[in-house]
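# Coordinates in review
Given next are the chains, with one letter for each unit.
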Amino acid sequence: MAKVLLVLYPDPVAGYPPRYARDTLPRIDAYPNGQTLPTPEAVDFTPGELLGSVSGELGLRSYLEKAGHTLVVTSDKDGPDSEFERELVDADVIISQPFWPAYLTPERIAKAPRLALAITAGIGSDHVDLPTAIERGITVAEVTYSNSIGVAEHTVMQVLALVRDFLPQHQIVRDGGWNIADAAQRSYDLEGMDVGIFAAGRIGRAVIERLAPFGVRLHYTDPHRLPAEYEQRYGLTFHDDIRSLVRDIDVLTVHAPLTEHTQGLLDDELLATMRRGAYVVNPARAAIADRDAIVRALESGRLAGYAGDVWFPQPAPADHPWRTMPNHAMTPHTSGTSLPSQARYAAGTREILEAWFAGRPQRPEYLIVEGGAYAGTGAHSYAARG
Ligand code: NAD
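Residues numbered from 1 in each chain as written. Predicted model: local features only at pLDDT ≥ 70, side-chain atom pairs only at ≥ 80, totals over all residues. Heavy atoms only, no water.

## As for the overall build of the protein chain
Rules: Numbering goes from the N terminus for both helices and strands, where a helix is a DSSP run of H or I of at least four residues and a strand is a run of E of at least two. Throughout, radius of gyration means the C-alpha value; the globule benchmark is 2.2 Å times the number of residues raised to the power 0.38. Accessibility here uses a 1.4 Å probe with only protein chains present; expressed as a share of the type maximum, an area under 20% marks a residue as buried, one over 50% as exposed, and anything in between as partly exposed. Here a residue-residue contact requires only that any non-hydrogen atoms of the pair lie within 4.5 Å. Accessible areas in this description were obtained via Shrake-Rupley with a 1.4 Å probe; residue shielding takes into account the shown protein chains only. Asp and Glu are treated as the negative residues and Lys and Arg as the positive ones, with His and the ends of the chain left uncounted. Charged groups are reduced to one reference atom each: NZ for lysine, CZ for arginine, CG for aspartic acid, CD for glutamic acid.
In terms of regular secondary structure, the protein chain is built from 14 helices and 13 strands. The C-alpha atoms of the protein chain give a radius of gyration of 21 Å, which matches the 21 Å a tight globule of 386 residues would have. With the C-alpha coordinates of the protein chain rotated into their principal frame, the extents come out at 65 × 50 × 40 Å. Put simply, the protein chain has 386 residues, and 52% of those count as buried. If you take every contact in the protein chain between residues at least 6 apart in sequence, the share linking residues at least 24 apart comes to 68%. Of the accessible surface of the protein chain, which amounts to about 17,200 Å², a share of 52% is contributed by carbon and sulfur atoms. Within the protein chain, the 49 negative side-chain charges are centred at a point lying 2 Å from the centre of the 35 positive side-chain charges.

Next comes the structure, spelled out in structure tokens:
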């Protein structure tokens, strides 16, 4: 029987919600590329509940315990004295969400000799040291597509928030003010702008499709070029690399995984080649940007705004400079953990566990690493070179 260690974010400060803002979730029959939604044999939760915090347990407890497995749930994940560090020594399966990542460093993996499966409840498995997982033969799987559309919606929201300068205007209202000149002096229209999409995978394409009706000129780069018919439909200009992409755009959105090829790409040098007053929205991974270069670019006016929802480390410390830098519209890491997304990635996590315990193959699209190599989505997206 297996020990499953589940790391989730803490419950709401006021306690686990007794009721929710809405009674139902919107119905979705399939993902945009036809991929089916998660298909576990059953789920033991009501979609729409808060499943990603410790009391929600991703709805997994009764399923795992009925099958004779042990489930340990904790939010205490950082530092050598954390519950995560104590419990991982005999864990067979570790599950965590990118919003509250249980960083599986090489040192921690070395302390977990039984670890055979690391599941990301969500998308983006860079919190697991993938080269070590490859070396150790650990399977790494995630719930591909579970929250991609939500992240694309968040991206569009943050692009508009920055370009139109929404947050300061909202603050004027909250403060009882009415100075229209204050509100208008940094406000632009998105219409007519050049927008660059860095990586056109599931999220990047959903952003393209949602931004096209705004009357923008769309550019993108990705090691996997999109079909000509798709490029024509959205009027896309393809660029060979990010250096070419950023030169002639007003807005950059970032949707690549964090890999050795994308780490630190948005540095002083690259930012200096962008139009003065460009905006960057990065809901992919914080470490794709050089933290202090972003602060410098905002302070100098090189960038007119930066937004996104990914930080390093997470949770971000209270003195993280992105909390206080000028003209930002950051959120905590929430774009992929709306209540509908939680229902999908909780069901997908159960689907992965059911396949694992039954010895059935995983869906290839859920796989990042398997059998000592990148596999499935991992082979397509993590092993790609920029
Ligand atoms: P995806 O696998 O569908 O797409 C990733 C794309 O990145 C692929 O098209 C791949 O070819 C491209 N790519 C890989 N390396 C590249 C490089 N060096 N240069 C340019 N492009 C490169 O994944 P997705 O669902 O679109 O998600 C993308 C990333 O977004 C995830 O890896 C994750 O880090 C992040 N994400 C964040 C949240 C959130 O809540 N903020 C949620 C989901 C995913």
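Still more ground to cover, so stick around.
## Brief notes about the side chain of asparagine 147
Among the secondary structure elements, asparagine 147 is positioned in the loop between β5 (139-142) and α5 (148-164). Judged by relative accessible area, which is 3%, asparagine 147 ranks as buried. Beyond its immediate stretch of four places on either side in the chain, asparagine 147 contacts Phe99, Gly122, Ile123, Gly336, Ser341 and Tyr345.

## Some remarks on the site of the ligand
Applicable threshold: Think of it this way: one heavy atom of a residue within 4 Å of a molecule or strand is enough to make that residue near it. Whenever a nitrogen or oxygen atom comes within 3.5 Å of another N or O atom, the pair is scored as a polar contact, on the condition that within protein one atom can donate a hydrogen and the other can accept it, and that pairs from neighbouring residues in sequence are kept only if both atoms are in side chains. In this classification, Asp, Glu, Lys and Arg are treated as charged, Ala, Val, Leu, Ile, Met, Phe, Trp, Tyr, Cys and Pro as nonpolar, and every other residue, Gly included, as polar.
Not every one of the 33 residues close to the ligand is listed here, only the nearest: Arg202, Ile203, Asp222, Pro283 and Ser381. For the ligand, a nitrogen atom lies 2.8 Å from a polar atom in the backbone of proline 283. Alone, the ligand offers 860 Å² of accessible surface; in the complex the protein occludes 97% of this. It is helix α14 (residues 376-382) that provides the largest number of residues to the shell around the ligand, a total of 3 residues. Here the residues of the shell around the ligand are counted per class, giving 15 nonpolar, 13 polar and 5 charged.

## A word on the pairing of strand β12 (residues 367-370)
Let me state the cut-off plainly: Two strands pair if DSSP finds at least two bridges between them.
When β5 meets β12, the two strands line up antiparallel, connected through 2 bridges. If you follow alanine 141 over to β12, its bridge partner there is leucine 367. Direction of pairing for β12 relative to strand β13 (residues 373-374): antiparallel, over a ladder of 2 bridges. Across the sheet, residue glutamate 370 finds its bridge partner in β13, namely alanine 373. Here β12 folds back onto β13, and the loop between the two strands holds 2 residues, one of which, glycine 371, carries a positive phi near 60°.

## Things to note about the environment of histidine 219
Relative to the elements of secondary structure, histidine 219 occurs in strand β7 (residues 217-221). Owing to a relative accessible area of 10%, histidine 219 belongs among the buried residues under this scheme. For the pair histidine 219 and arginine 186, spaced 33 residues apart in the sequence, the C-alpha separation amounts to 24 Å. Not counting residues within four places of it along the chain, the set of residues in contact with histidine 219 comprises Asp194, Val195, Gly196, Ile197, Thr237, His239, Leu245, Asp248 and Ile249. Among the polar contacts listed, one links the side chain of histidine 219 to the side chain of histidine 239, at a separation of 2.9 Å.

## Section: the sheet that holds β5
With mixed pairing, 7 strands are arranged side by side in an open sheet as β2-β1-β3-β4-β5-β12-β13. Among the strands making up the open sheet, the edge pair consists of β2 (70-74) and β13.

## Quick look at the packing of aromatic side chains
Which entries qualify depends on this criterion: For Phe, Tyr and Trp, rings pair up if their centres lie within 6.5 Å, where Trp contributes its six-membered ring, and each pair is then called stacked (planes under 30 degrees apart), edge-to-face (over 60) or tilted (otherwise).
One pass over the structure, following the stated rule, counts 7 aromatic pairs. Summarising the aromatic geometry, the rings of tyrosine 31 and tyrosine 145 are spaced 4.8 Å apart at their centres and angled 5° between planes, so their arrangement reads as stacked. Placement of tyrosine 31 in the loop between β1 (3-7) and α1 (61-66) and of tyrosine 145 in the loop between β5 and α5 is noted, with a sequence separation of 114 residues between them. Residues tyrosine 306 and tryptophan 322 carry aromatic rings whose centres are separated by 4.9 Å and whose planes lie at 50° to one another, so their mutual orientation is tilted. Highlighted residues: tyrosine 306 in strand β11 (residues 303-308) and tryptophan 322 in the loop between β11 and α13 (339-358), separated in sequence by 16 residues. Note on accessibility: tyrosine 306 and tryptophan 322 belong to one class, buried.

## Brief notes about the environment of leucine 270
Here leucine 270 is to be found in helix α11 (residues 268-271). Once residues lying within four places of it in the same chain are set aside, the contact partners of leucine 270 are Ile242, Arg243, Val246 and Leu265.

## Focus on the UniProt feature "domain: D-isomer specific 2-hydroxyacid dehydrogenase catalytic" (unreviewed entry) in the protein chain
What counts is decided by this rule: UniProt positions are given in the numbering used here, feature names are shortened, and annotations may be inferred rather than shown by experiment.
As annotated by UniProt and renumbered to match this structure, "domain: D-isomer specific 2-hydroxyacid dehydrogenase catalytic" (unreviewed entry) occupies residues 62-361. What you have in residues 62-361 is 36% helix and 15% strand, and the ends, taken at the C-alpha atoms, are 23 Å apart.

## With respect to the pairing of strand β6 (residues 194-198)
Test applied: Orient the strands so they point away from the viewer; a crossover is then right-handed if the path from the first strand over the helix to the second runs clockwise.
Of all the 5 residues making up β6, 5 are buried; the element is thus mostly covered by neighbouring parts of the structure. The alternating pattern of β6 places Asp194, Gly196 and Phe198 on one face and Val195 and Ile197 on the opposite face, and all of these are buried. Following the backbone out of β6, through helix α8 (residues 202-211) and into the adjacent parallel β7, one traces a crossover that is right-handed. Two elements, β6 and strand β9 (residues 251-254), share 4 bridges in a ladder whose sense is parallel. Looking across to β9, one finds that isoleucine 197 is bridged to threonine 253.

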